[in-house]
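A closer look at the structure
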Amino acid sequence: MTRGLGRGLPALLLQRLLQAGLVAWMVGTLTFVLTRTLPGDMAYRIAAGRYGHDMVDTAAAEAVRAELALNQPASSAYFGWLWDLLQFDLGRSLVSGEPVVRELWHQLGHSLGLAAVAVALSLLLGPPLGLAAGLRPRGMLDRLSEVVASVLRALPPFAVGLVLILVFAVGLGWLPAAGHGRTAHSVLPALTLALGLAAVSSRVARNAMADVSQSAYYAFSRTKGLSDRLTFMRHGLRNVAVPVVAYLGVQFVYLIEGVVVVETLFAWPGIGHALVHAIVARDVPMIQGTALIMGLLFVLLNTVVDIVCHLLDPRRRHA
Amino acid sequence: MPRIRYLLAALGLALTSTAVHAEPRTLDIVAPWEITSPDPSKSGHVFARMQVAETLVDTDADGNLAPGLATSWTQNDDATIWRFTIRDGARFHDGTPVTAEAVATSLEHALTKPGILDSTPIATIDAEGDEVVIHLESSFAPLPALLAHSSTQILAPASYAENGEVTAVIGSGPYRVDSLEPPQRLMVTRFDDYWGEAPAIERASYLAVSRGETRALMAESGDADIVFTLDPASRTRMSRQPDLTLHAVPLPRTIVIKVNAGHPFLDDQRARQALSEAIDRTGIAAGLLRAPEAAAPELFPASLGAWHLAISPEESRDLDQAREQLATLGWEANGDGLLERDGEPFRLTLRTFSDRPELPVVATALQDQWRELGVDLEVAVGNASEIPSGHRDGSLELGLAARNYGLVPDPLGTVLEDFGPEGGDWGAMGWSDAELEEWLNQLRSETDPEERASMETEVATRLHEALPVIPVAWYQQTAAVNDELEGFSIDPLERSYRIDELRWAE
């Protein structure tokens, strides 16, 4: 992830751009191959997605097949898609008939909003807890937070979400269980994702803090008479921040995968939710579009992480 | 801690009480079906249920046809020319009147898209004065029932783009669209110029939530006032909730075993009867579907009038008689308790699919129950399309699927599709009955209600004896309803949520 940073920012960005192109092509090709190899007749699937299961019969399926030219050979469908992609045309949804770009634009806003709140919440929860634990390694807080973090990371987001709904919506009645529209609706889904993220970031922060607090320069700063607070601010924070931020890049995988599950559970109209429904309905352009956006998003977020690390760590800039 | 809780409670109270004064309470409805498009052919069912768009023909509480946007209709003797008189004073939500021209245009659009009218021999649709005249190529008595289907709903001319695409849902129902956010949300407000009685509920929202667990939790937490389609596990838990009432009504959607009656083991109707008699329907309904009333000893539930024969589910099981029947057909139990005839074991494959999650479970129950009879059933869970394709290429032996006979208030359309001379994708296979064809043909043109009813009973009785498809269970529409609501009922034809009959308890 940090390779190439020595050559400076422009080189890094160029490399990422090439990577984005490669990701777009590979994700698109893979989804194309995978959806083609899924068992079952696509025409029936799409007809069910459009008109409902009760209305599906051979006549409806044949109408769909003719309309969408599903009989054309796979190769011509593939190159047609590639040609459209080169012109930044993602096609139209097979189910709703809307341009994929328009649907994605609408859904992406919902997903990014949710993800941003989740990351912000996780940063509020995880690193401070990790820092506190790292200052007293093997202390009460350290051990307790290790157990809680292990449990939270081991549970799938789906289970965490259900528990949160049971406690905060059904039990206490403080927050809505699912849906969207009001700010309160985003709390539980964001928290579900944030807990998983915070579980890891608190441990990363804890280990970094423990390393830093046992380092010679940290001890020296104490010896020369700086207070705990000043030592932490001058010599601790920035050194701890680098691994925490760098690790965020890795965690985006969890976030993107979590969004798919959490959005379905909380009826959140984002791209994760759209992806699940597109797969069920064999809506190939939508599957390709959402997978593409998710892949590119991953590249983009990692680029942002690289840039932040670049700014945080002067050694990399001068290397 | 308690103090914080009081504080939060007080804050919550303050927030909600100001909200109550600012605007009328919204009725929140949650159901699993997503809104894919404003087009009636795709998501018309949502706009019909939320009472935004209306059809020419409506149904009453018992499922009988009733006037909708058409106040009355007449037909010529052989049911080939139909005249629908359009309701005077009805208006679309954009203020334009519902005219015969507008209705004809709307129906023309519906005709160009896949939908219920596909199998109808419609020649022309014209507006004449305040009447819409439909000419058919051949007799078709169930036409009014088809015009009650949501894919034929009437929208204002301004709803359609030039290419026929539906861009807005401008209907004529008691509620108009406030906002539509596919795929999940629809908000509606009472339409003040509605031709009928003004409903009590002023605002309502529809939210599509695909996960059953989430829907159940939304009912329990009070986030939703009405939650439709509860999974069996949640249903038991909900029935213990103090401020919720659980409603359940059987739907005309039946879980059926499609039988290849051309198969040497299954070509005799006594073999099919034996298989049917070996099914413990009450067990499947109570144990797996958690609704004993779901047991379906016949194809059509009570909501389908004369098609329903009122057979009791207990009578439908008789394992001993089933064994005897098969013995007379030459089947004998071998050492493993499996039936054999001329050295050939009674082994069949049942295809089913998991889009409806209960189907594979019911399939394994059948496997177990038929094992008791000595039939070795293999269950193959695949895609829904494998049943129609197996029908076409003749490879299907048995298929477990769900079939909706109440897409329109008259099941005749579906019955014609399923039990015609060549059978149908979800109906008979390798089976036909000349007398039944004759009755079905008469039903196409017969318009006298009593004559129709007696022929419908004949058809249902014949299907029950010959069993080209074996009924297993009826789907139940379930709903958990907030006790603050009064006047709730479930429409067994799933045409409407009947929001106009609801009111908030004082």
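Just so you know, these numbers come straight off a predicted model, no measurement behind them.

**Description of the pairing of strand β18 (residues 398-404) of chain B**
All names here are of chain B.
- With seven of its seven residues buried, β18 lies for the most part within the structure.
- The alternating pattern of β18 places L398, L400, A402 and N404 on one face and G399, A401 and R403 on the opposite face, and all of these are buried.
- The sheet contact formed by strand β16 (residues 347-353) and β18 spans two bridges and is parallel. Across the sheet, the residue bridging to R351 is G399, located in β18.

**Some points on the side chain of T254(B)**
- Mapped onto the fold, T254(B) is located in strand β12 (residues 244-259).
- A polar contact of 2.9 Å, which involves the side chain of T254(B), links it to the backbone oxygen of L299(B).

**Re the pairing of strand β6 (residues 122-128) of chain B**
Residues and elements named next belong to chain B.
- Strand direction decides the pairing type here: β6 and strand β7 (residues 131-136), joined by six bridges, are antiparallel. Residue pairing for β7: D126 is matched across the bridge by V133.
- What sits between the antiparallel neighbours β6 and β7 is a turn of two residues, in which G129 has the positive phi angle 60 degrees.

**Description of the packing of aromatic side chains**
- For the structure on display, the rule yields 16 aromatic pairs over all chains.
- Taking the centre distance of 6.4 Å and the plane angle of 15 degrees together, the rings of Y206(B) and Y497(B) count as stacked. Pair noted here: Y206(B) is in strand β10 (residues 203-208) and Y497(B) is in the loop between β20 (485-486) and β21 (503-504), with a separation of 291 residues, a long-range link.
- By relative accessible area, Y497(B) is classed as buried at 6%.
- Taken together, a centroid distance of 4.5 Å and an interplanar angle of 15 degrees make the contact between F228(B) and Y497(B) stacked. In this pair, F228(B) sits in strand β11 (residues 226-228) while Y497(B) sits in the loop between β20 and β21, placing the two residues 269 residues apart along the sequence. The pair F228(B) / Y497(B) is uniform in exposure class, with both members buried.
- Grouped by ring-pair contacts, the aromatic residues F32(A), Y78(A), F79(A) and W81(A) constitute a single cluster.
- In this structure, R49(B) is placed above the aromatic ring of W33(B), and the distance from its NZ or CZ to the ring centre is 4.9 Å.

**Thoughts on helix α2 (residues 40-49) of chain B**
Residues and elements named next belong to chain B.
- Judged by how many residues are buried, α2 sits mostly within the fold: nine of 10 residues are covered.
- For α2, the complete set of buried residues consists of P40, S41, K42, S43, G44, V46, F47, A48 and R49.
- Between the side-chain oxygen at the start of α2 and the backbone nitrogen of S41 there is a gap of 2.9 Å, and the oxygen is on D39.
- Trailing α2 by a residue or two, Q51 shows a phi angle of about 60 degrees, which is positive.

**Looking at the sheet that holds strand β13 (residues 332-333) of chain B**
All names here are of chain B.
- The antiparallel open sheet is built from three strands, whose spatial order is β13-β14-β15. Since the sheet does not close on itself, it has two edges, and those belong to β13 and β15 (344-345), each with one partner.
- As paired elements, β13 and strand β14 (residues 339-341) share two bridges and run antiparallel to each other. In the sheet register, E332 faces β14, and the bridge partner there is E340.

**Re the sheet that holds β11(B)**
Residue and element names in this part refer to chain B.
- Spatially, the 10 strands line up as an open sheet ordered β8-β9-β10-β1-β11-β19-β12-β18-β16-β17, and their pairing is mixed. Among the strands making up the open sheet, the edge pair consists of β8 (175-181) and β17 (376-382). Between one strand axis and the next, the sheet turns by 25 degrees as a mean value, whatever way the strands run.
- Where helix α10 (residues 358-373) meets the sheet, it contacts β12, β16, β17, β18 and β19 (469-482), and its direction lies at approximately 170 degrees from that of β17.
- Against the sheet, helix α11 (residues 386-393) contacts β12, β16, β17 and β18, and its axis sits at roughly 135 degrees relative to β16.

**With respect to the pattern of salt bridges**
- This structure, assessed with the given rule, holds 37 salt bridges over all chains.
- R83(B) is the partner of E131(B) in a salt bridge, and the nearest nitrogen-oxygen pair spans 2.7 Å. One end of the pair, E131(B), is in strand β7; the other, R83(B), is in strand β5 (residues 81-86), and 48 residues separate them in sequence.
- Salt-bridge contacts for R403(B) lead to D418(B); the nearest nitrogen and oxygen are separated by 2.9 Å. Remark: D418(B) occurs in helix α12 (residues 412-419) and R403(B) occurs in strand β18; sequence separation between them is 15 residues. The two residues R403(B) and D418(B) agree in class, both being buried.
- Residues joined by salt bridges that share partners form a network here, namely R138(A), D142(A), E146(A), R203(A) and R206(A).

**Points about the UniProt feature "domain: Solute-binding protein family" (unreviewed entry) in chain B**
- UniProt feature "domain: Solute-binding protein family" (unreviewed entry): in the numbering of this structure it lies at residues 65-412 of chain B.
- Between the C-alpha atoms that bound residues 65-412 of chain B the distance is 14 Å, and the span itself is 25% helix and 27% strand.

**So, the environment of L155(A)**
- Mapped onto the fold, L155(A) is located in the loop between α6 (140-154) and α7 (157-171).
- L155(A) sits 41 residues away from G196(A) along the chain, and the two C-alpha atoms are 8.4 Å apart.

**A short note on the domain arrangement of chain A**
Residues and elements named next belong to chain A.
- Each assigned domain of chain A is listed here: domain 1 (1-95 + 283-311) and domain 2 (103-280).
- Its C-alpha centre places domain 1 at a distance of 29 Å from the equivalent point of domain 2.
- Every contact between the two is made by 18 residues of domain 1 and, on the other side, 22 residues of domain 2.
- The contact between domain 1 and domain 2 buries some 1800 Å² in all, and 84% of this surface belongs to carbon and sulfur atoms.
- Contact with domain 2 buries area across many residues of domain 1, yet M286, M294 and F298 alone supply 30% of it, more than any other trio.
- Of the residues forming the side of domain 1 that touches domain 2, the biggest block, 14 residues, is contributed by helix α12 (residues 284-312).
- Residues that form the side of domain 1 that touches domain 2 fall into these classes: 13 nonpolar, three polar and two charged.

Calculation rules
Here the residue numbers are simple positions, counted from 1 along each chain's written sequence. Chain labels run from A onward and ligand labels from 1 onward, assigned in the order the entries are written. For a predicted model such as this one, the threshold for reporting local features is a pLDDT of at least 70, and the threshold for listing and counting side-chain atom pairs is 80 or more; totals across whole chains, interfaces and linings nevertheless cover every residue. For side-chain calculations, the full set of non-hydrogen atoms in the structure is used, while hydrogens and water are omitted. Per-residue accessibility, obtained with a 1.4 Å probe over protein chains only, is compared with the maximum for each type, and a residue is labelled buried under 20%, exposed over 50%, and partly exposed between these values. Every helix listed is a DSSP run of H or I at least four residues long, and every strand listed is a run of E at least two residues long, numbered separately from the N terminus. DSSP bridges decide pairing: two strands pair if at least two such bridges lie between them. Whenever two N or O atoms come within 3.5 Å, that pair is a polar contact, provided that in protein one can donate a hydrogen and the other can accept it, and provided that, for residues adjacent in sequence, both atoms are side-chain atoms. Paired rings are identified among Phe, Tyr and Trp, the last through its six-membered ring, by centres lying within 6.5 Å, and are further divided according to the angle between planes into stacked (under 30 degrees), edge-to-face (over 60) and tilted (the rest). Two limits define a charge over a ring: the Lys NZ or Arg CZ must be within 6 Å of the ring centre, and within 35 degrees of the ring normal. Think of each axis as a best-fit line through the C-alpha atoms, taken over the contacting stretch in the case of a helix, with angles from 0 to 180 degrees between the N-to-C directions. When checking whether two residues touch, look at their non-hydrogen atoms; a contact exists if any pair is within 4.5 Å. Salt bridge criterion: a side-chain nitrogen from Lys or Arg within 4 Å of a carboxyl oxygen from Asp or Glu. UniProt positions are given in the numbering used here, feature names are shortened, and annotations may be inferred rather than shown by experiment. Residue ranges labeled as domains rest on an automatic or database domain assignment. The term buried area refers to how much accessible surface (probe radius 1.4 Å) is lost by two components on association, counted for both of them together. Gly is put with the polar residues, along with every residue not named as nonpolar or charged; the nonpolar set is Ala, Val, Leu, Ile, Met, Phe, Trp, Tyr, Cys and Pro, and the charged set is Asp, Glu, Lys and Arg.

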